[in-house]
Amino acid sequence: MPNEFSQNEPISGMRRNSYSVFRFLDNHRALLLLLLLFVGFSVCVPNFFSAYNITTILKGASLNAIVSIGFTLIFILGQLDLSVGAVVMLSGMVSIGLQPLLGWTISIVLALLTGAFVGCINGLLVVKGKINSFIVTLGTMIIVTGVMHLYSKGGSMAVEDYRLADWLETPLLPLLPPIVLLTLLLVLGCTIFLNRTPWGRAFFIVGGNPESAWLAGLGRDRYLMAGFIGCGLTAGLAGAIFAAGLSSMTSAAVLANRTLMTVLVAVIMGGALMSGGKGCVLKSYFAVLLLTTLFNGIGCVGLGFEVQIFINGILLALVVLYEAFVLYQRERIKGQRSALLMETIKGSVSDRNEEGVESMTDKDRFVLMCVAIVGIVAIVAIFAMYFIHVRIPVRVLSKPQEKEQSEFTPYALRGTDGQPYILPQKEVKNVPDRPADPKALPETEKGHWWDIEYAGWNIQKVAMPSSPGDGPAGKRIVLLKAGDHPYWTAYVKGFTVMAQAYKMETKILNGNWNMDLQAQQTDQAINERPDMVIFAPVDATACTPLLRRITKAGIPCIASNTIPCDEAMKYCLAWTGPDDWGQFRLLAREFADAMGKKGGYAIVRHMPGSSPFFARTYAPITELMEYAPKMKLLAMDTANLEAEGTMQLVSAWLTLYGDQLQGLVLAGDGFTMTGTLEAIRSSQRKDIVIVAAGNSKTGMDAVKAGDALAITYQSAEGDGAIAVYTAAEWFDGNTLPLVRYLPKQIITQANVDQFMPAQW
Amino acid sequence: MIPAKKNHSAFVRTDLLDRVGIYLVGAVLVVIGDFVSDEFLTVTNLLSVLNAVALLGIVATGMAFVTYSGNMADLSMPSIMAFSGIICVSALPLGFTVALTAGILAGLLIGAMNGFIVGRFNANPILWTLAVTFFMEGFMRFAWSNNQVYPDIEPGTAGFKLIGLFRMSIGSVPLVVVVMVLLFIAGHFVIVHTRFGIESKLVGSSKPAARTTGIDVSRVILLDFLVAAFCASIAGIFLTSMNKLGVFYLGKGYDFKAVTAVVIGGMTLRGGRGTMPGVLGGVLVIGLLTNIMTFMGIGAFEQNIVTGGVFIAVVGLHQRQLCRRGKDYA
């Protein structure tokens, strides 16, 4: 496309002199926006401007920044690589999986080779297969995700060696830990390579103007191959460094998706064009920093994820519109042969007149740019106003400040379903002895899962901060929640109600199911120096270093909801949440009784990368092995909790197994339940027993209508409340139990009414 | 992006293999399926395959128009699905018909915005629709405070009718399958026999050429995005009806799934080439593939690998064929 402008070259050369301000603004838009945001947040938002927070932002940007190097290269070549996110996860998984065998050096090198290999395949298919890179990389993205899940068996991986992780995090120079230094060096190195060396410049020619590249004797194929391999290599490196920094890798595919989207947005904001020939690694880096700062700052203000993603969208839209507008203007003056015109004009008409015509378009662009900047300023101003006017009156809520505190009993609080949030804890779970080597036992035996099921029961905690012992009133707690889901909306409700009852101040950060984001938010929470952090992990295994980081900073921490792995339990005061394994053992017995302890059943599993993926599959399998050995497991698989996928899966099972299949265990009672019921309705089977994890409105409706036999009762509001309750107990100076479960109950048609209306 | 090889065989009529290629793949799959299980070639099973891909089919019909007119993909389709669904549920107190209309209008609104900006200002369609996805997600999270909205399910109410929509069937064929087939037929008719369809083809093949012929390019692109939004909102309402709730993340993943179906069906991403029956074939092949692999007991992870492989292989073969006939890159 750039060749179309060659005829305008003299003018644009002249323009460069007269409108340098505008050019400057356009060229450095990422950096300028970044500075603007940074200054704005520093002025308006407390806790934002601190050395720790700046390091947090720089550290948090490193994964996306390294990926964006290769991605910019691909953009310069006019191609697209959708597989980067998946490659990040696969190579991270490889480096963690091989580390115990081979050590860090070799495993990271192998991770890099994995990335390069995928890049090589992408390149070959684009160059030799002559397939559009969008299609090729869409395909490899799906394949690589599958390979990653196969390799990790749908779970996460971790190593218990934190030396490398600690080294990567400790600042070598002020503000700059090695992970940031490495990123900076890579970014600068690649910028210099691309912008200053002949080989680097050749990428721009190949991408921007293939014909002149051909005429110049540059082999397009070779550069494309180099580009794809380079992109795979940087994605692999980013994955390996990310995994090393956390000593673990999650297998929840959200990370891949979010990385791809963030990097794509950043590269566009950094000025790269999808049609190729334009882009700068350094500017992409500034844009990544811009996005990280945006998320960090909005989190500091205390606004929700919806605002972050909204502003992210608006920013991208503005940039896309601006690019389109520039292109539109160029198209308009395309055929005008202004160079020729100018030559004839030179003598007779003064330059000013000619410039006047040209400057109109430039003025338009300048106005647009101003509008964009005003928009950003407005957004920052809105935050400031929000902070000043909205945040302070919140305290008015706790009006009756009298002697209520002594009378208040947490057991009296009830959720929207009329159930009490918490019950006075009486039952003590009897924990069986740990088998000598759990992993040596087959998966169908209870002992195999001991480390996950009874995580934290016999663990030696590291030194914990001691309780101030002055009660919960006025304490500040930060909740790091895993992500957004109606369950979590109810959770936050219970959490807030309970915290208000105890007169605690709360702040909530939303990890959006993304391990990378939660790692950044952990640092952000530490920066706030709260009295307590309540941590709901995105990933049960990969959260270990994060909990460790919080405890090392001297902040007490309670884990909530997802049960972390045994190792992670060392680094928190306690864990509260639903007893997923226990619930499903209860449910399995109910299920077996209804089936007469015989017949075949199948399991629709949870999402890979989540802890229920194992709990809600192997709790029923192991329980039924003991309780009803005649029952036969016919099939199990995941449909990612989607209704259509579940429908397809269950329909196929119903056709394949026919009357053999008599029962279904579902890992969720929402979309999974809907899909299953649809499949059963169209097969016209009436005899299938269904049990599921609960309890959403969909599931309760199904139980009430008699479509499903039973679901578990898991109070979302109670889940949030019990964490706050436990925190309050600690502030009072009480010793905490290691593990505190929510009350276990099974909902059947007989008692479903007492749990209505549903919490979510 | 890539210089097109100018060759006069571009005028050679698309041969038969190009048209039926994807159906050959489908036929191979049917033979394999029959070999794998006796239960495969039964009316029940084939209907369940159809039922499972019906929503994908509806979305793919819309996506095909965007791809055909050279705009690669509309990534905002999941947002449109979620938005029309959530609006439809929210408007239920006003009556069933009003709610349906409101849902579809809400989807069309986003489509109109996309079409206007991509068509008039020549914005990059992928990036623009990606931005729309972001701010629509933010907006829906904010407006409905991250919650699911449930329709009434008491018999006789508008909500009950909405929920019944997905569960309705004509004879033994589910309504959603009928709608999918009707949309495909309508789409085929529009593309082959109407002025708008032919203009879309020209716009997809070469925008400058279309402009010089006097076609109002921005109007054609606007209409293409409107068709896409219309299909997405219908799919969104069906999806809402199926799940009995509206929520901001409904429809996630349909963007790439639909592109996969459209491309595997022989439509090229550069626009202007491909047929509606091909896209239908692509949708069916995806459904059959998943069904057969589940029958064979292949897990979801391996299914991913096979699906990705088949996708690349089919598109690659199609591409080779195009190259051999001297046509450009797919």
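Residues numbered from 1 in each chain as written. Chains lettered and ligands numbered in written order. Predicted model: local features only at pLDDT ≥ 70, side-chain atom pairs only at ≥ 80, totals over all residues. Heavy atoms only, no water.

Turning to the overall build of chain A, a few remarks are in order. From N to C terminus, chain A includes 29 helices and 14 strands. Out of the 760 residues belonging to chain A, those deemed buried represent 60%. Relative to all contacts within chain A whose residues are 6 or more apart in sequence, the contacts with residues 24 or more apart total 78%. Of the accessible surface of chain A, which amounts to about 29,100 Å², a share of 62% is contributed by carbon and sulfur atoms. (Helix = DSSP H or I, 4+ residues; strand = E, 2+ residues; numbered from the N terminus. Buried < 20%, exposed > 50% of the residue type's maximum accessible area, 1.4 Å probe, protein only. Contact = heavy atoms within 4.5 Å. Areas by Shrake-Rupley, 256 points an atom, 1.4 Å probe, with all protein chains shown as cover.)

Our focus in this paragraph is the overall build of chain B. In terms of regular secondary structure, chain B is built from 13 helices and two strands. Taken against the 2.2 N^0.38 rule, which gives 20 Å for 330 residues, the C-alpha radius of gyration of chain B at 20 Å falls within 12% of a compact globule. For chain B, the spread of C-alpha atoms along the three principal axes comes to 65 × 55 × 35 Å. The burial tally for chain B puts 57% of its 330 residues in the buried class. A fraction of 76% describes how many contacts in chain B between residues 6 or more apart in sequence connect residues 24 or more apart. On chain B, roughly 12,800 Å² of surface is accessible, and the fraction owed to carbon and sulfur atoms is 69%. In chain B, the 22 positive side-chain charges and the 15 negative ones have mean positions that sit 12 Å from each other. (Rg over C-alpha atoms; globule rule 2.2 N^0.38 Å. Lys, Arg positive; Asp, Glu negative; His and termini not counted. Charge placed at Lys NZ, Arg CZ, Asp CG, Glu CD.)

Turning our eyes to something else, we now look at the domain arrangement of chain A. All names here are of chain A. We note that the domain assignment places domain 1 (62–280), domain 2 (438–577 + 718–742) and domain 3 (580–713) within chain A. Taking the mean C-alpha position of each, domain 1 and domain 2 sit 33 Å from one another. With 19 residues of domain 1 at the interface, the matching set in domain 2 holds 17 residues. Buried area between domain 1 and domain 2, both sides added, is near 1,500 Å², and the carbon and sulfur share of it is 54%. The partner of Arg548 in a salt bridge is Asp166, and the shortest N-O contact between them spans 2.8 Å. The tally of links between domain 1 and domain 2 comes to four residue pairs in polar contact (both at pLDDT 80 or more). Mapped onto the side of domain 1 that touches domain 2, the elements with two or more residues apiece are α5 (62–76), β1 (157–158), α8 (163–169), α12 (220–246), β2 (248–249) and α13 (254–269). Its residues assigned to classes, the side of domain 1 that touches domain 2 shows nine nonpolar, six polar and four charged. (Domains from an automatic or database assignment. Buried area = accessible area lost by both parts, 1.4 Å probe. Salt bridge = Lys/Arg side-chain N within 4 Å of Asp/Glu carboxyl O. Polar contact = N/O pair within 3.5 Å; in protein donor to acceptor, adjacent residues only side chain to side chain. Nonpolar A, V, L, I, M, F, W, Y, C, P; charged D, E, K, R; others polar.)

Our next topic: the pattern of salt bridges. The tally for this structure, following the rule as stated, stands at 34 salt bridges over all chains. Two residues, A:Lys59 and A:Asp523, come together in a salt bridge whose shortest N-O distance is 3.4 Å. Of this pair, A:Lys59 sits in helix α4 (residues 51–60) while A:Asp523 sits in helix α21 (residues 515–527), and the two are 464 residues apart along the sequence. The same class applies to A:Lys59 and to A:Asp523, which are both buried. Between A:Glu642 and B:Lys257 there is a salt bridge, with its nearest N and O atoms 3.6 Å apart. A residue pair is termed interchain when its members come from two chains, as with A:Glu642 in the loop between β9 (632–638) and α26 (643–657) and B:Lys257 in helix α11 (residues 254–264).

All names here are of chain A. Counting buried positions along strand β3 (residues 476–481) yields five of six residues, so the element is predominantly enclosed. Two elements, β3 and strand β4 (residues 505–510), share six bridges in a ladder whose sense is parallel. The residue of β4 that forms the bridge with Lys481 is Asn510. Considered for its hand, the β-α-β crossover made up of β3, helix α20 (residues 486–501) and β4 is right-handed. (Pairing = 2+ DSSP bridges. Right-handed = clockwise from strand over helix to strand, strands pointing away.)

Residue and element names in this part refer to chain A. The sheet built from six strands is open, its strands ordered β4-β3-β5-β6-β7-β13 with parallel pairing. Of all strands in the sheet, those with a lone pairing partner are β4 and β13 (739–741), marking the two edges. Taking the axes of each pair of neighbouring strands and ignoring which way they run, one obtains an average angle of 20 degrees across the sheet. Packing of α21 onto the sheet brings it into contact with β3, β4 and β5 (532–535), and relative to β3 it is tilted by some 175 degrees. (Axes fitted to C-alpha atoms, helices over the stretch in contact; angles between N-to-C directions.)

Moving on, we get to unusual backbone geometry. Residue and element names in this part refer to chain A. Of note, the amide linkage connecting Met756 to Pro757 takes the cis form, showing an omega dihedral of -10 degrees. Here Pro757 shows up in the segment after β14 (745–748). Despite not being glycine, Asn561 shows a phi value in the positive range, around 70 degrees. Turning to its location among the elements, Asn561 is positioned in the loop between β6 (557–560) and α23 (566–569). A positive phi angle is found at Asn640, which is not glycine, with a value near 55 degrees. Among the structural elements, Asn640 can be located in the loop between β9 and α26. A relative accessible area of 38% means that Asn640 is categorised as partly exposed.

Time to look at the nonpolar core. Counting residues in hydrophobic clusters, the biggest one holds 317 residues, and the most contacted among them are B:Ile58 and B:Phe238. Setting aside residues up to four positions removed in sequence, B:Ile58 forms contacts with B:Val176, B:Val179, B:Met180, B:Leu183, B:Cys231, B:Ile234, B:Ala235 and B:Phe238. Membership of the second largest hydrophobic core comes to 27 residues, among which are A:Phe591, A:Phe613, A:Ala619 and A:Ile621. (Core = buried A, V, L, I, M, F, W, Y, C linked by side-chain atoms within 4.5 Å.)

Next up on the list: the interface of chain B and chain A. In this complex, chain B contributes 78 residues to the contact, which on the side of chain A involves 75 residues. Together, the buried faces of chain B and chain A total about 6,800 Å²; carbon and sulfur atoms form 72% of this surface. Remark: the boundary between chain B and chain A carries three salt bridges. B:Arg141 is the salt-bridge partner of A:Asp484, the closest N and O atoms lying 2.1 Å from each other.

Once that is clear, we can look at the side chain of A:Gln308. Within the secondary structure, A:Gln308 sits in helix α15 (residues 305–332). Excluding residues within four positions of it along the chain, A:Gln308 makes contact with A:Phe295, A:Ile298 and A:Gly299.

We now examine the confidence of the model for chain A. Residue and element names in this part refer to chain A. Taken residue by residue, chain A gives an average pLDDT of 84. The fraction at 70 or more is 89%. Ranking the helices and strands of chain A by mean pLDDT puts α5 first, with 95, and helix α1 (residues 9–18) last, with 42. Contacts from residues 1–18, a stretch scored under 50 in pLDDT, to residues over four places away or in other chains number 27 contacts. (pLDDT = per-residue confidence, 0-100.)

Residue and element names in this part refer to chain A. Between helix α9 (residues 178–196) and helix α14 (residues 281–301), the shortest axis-to-axis distance is 8 Å and the interhelical angle comes to 145 degrees. Facing Thr183, Leu184, Val187, Leu188, Cys190, Thr191 and Leu194 of α9, the residues of α14 in contact are Val281, Leu282 and Tyr285. Considering only residue class, the contact of α9 with α14 consists of eight nonpolar, two polar and no charged.

Our next topic: the environment of B:Gly164. By secondary structure assignment, the location of B:Gly164 is in helix α6 (residues 158–167). Once the C-alpha coordinates of B:Gly164 and B:Lys244 are considered, the two residues, 80 residues apart in sequence, prove to be 9.4 Å apart.

This next bit is on the packing of aromatic side chains. Scanning the entire structure with this criterion turns up 29 aromatic pairs over all chains. Both rings, one in A:Trp449 and one in A:Phe614, keep their centres 5.8 Å apart while their planes meet at 35 degrees; by these two values the pair is tilted. Placement of A:Trp449 in the loop between α18 (404–407) and α19 (450–453) and of A:Phe614 in helix α25 (residues 612–627) is noted, with a sequence separation of 165 residues between them. In this structure A:Phe614 comes out as buried when scored by relative accessible area, which is 18%. For the ring pair A:Tyr487 and A:Trp488, a centre distance of 6.1 Å and an interplane angle of 75 degrees mean the geometry is edge-to-face. For the pair shown, A:Tyr487 and A:Trp488 are each scored as buried. Put simply, the rings of A:Trp449, A:Trp581, A:Phe613, A:Phe614, A:Tyr618 and B:Phe301 touch in pairs and so form one group of aromatic residues. Its guanidinium or amino end placed over the ring of A:Phe613, A:Arg605 lies 3.8 Å from that ring's centre, counting from NZ or CZ. Here the basic side chain of B:Lys257 rests over the ring of B:Tyr254, its NZ or CZ set 4.7 Å away from the ring centre. (Phe/Tyr/Trp six-rings, centres within 6.5 Å; stacked < 30°, edge-to-face > 60°. Lys NZ or Arg CZ within 6 Å of the ring centre and 35° of its normal.)

Residues and elements named next belong to chain A. Here we have six strands laid out as an open sheet, ordered β9-β8-β10-β11-β12-β14, and mixed in their pairing. Since the sheet does not close on itself, it has two edges, and those belong to β9 and β14, each with one partner. Between one strand and the next, the sheet's axes are offset by a mean angle of 20 degrees, whatever the strand orientation. In the sheet, strand β11 (residues 689–692) pairs with strand β12 (residues 710–713) via two bridges, with the strands oriented parallel.

To continue, consider helix α4 (residues 96–121) of chain B. If you check α4(B), its first and last C-alpha atoms are 37 Å apart, about what 26 residues at 1.5 Å a residue would give, namely 38 Å. Along α4(B), the positions that sit buried rather than exposed are B:Phe96, B:Ala99, B:Gly103, B:Ala106, B:Gly107, B:Ile110, B:Gly111, B:Asn114, B:Gly115, B:Ile117, B:Val118 and B:Gly119. As for α4(B), its buried residues are in contact with α15 of chain A together with α3 (77–90), α5 (125–143), α6 and α10 (217–243) of chain B. Directly after α4(B), the chain includes B:Asn122, whose backbone phi takes a positive value near 65 degrees. (Expected span 1.5 Å × (residues − 1).)

Moving on, we come to a nonpolar patch on the surface. Among the surface-exposed residues, A:Leu101, A:Leu102, A:Ile106, A:Val109, A:Leu110 and A:Leu113 lie close enough to one another that they form a single nonpolar patch of about 540 Å² accessible area. Following the sequence through the fold, A:Leu101 ends up in helix α6 (residues 84–127). (Patch = residues over 30% accessible without salt bridge, like charges linked within 9 Å, V, L, I, M, F, W, Y side chains within 5 Å.)

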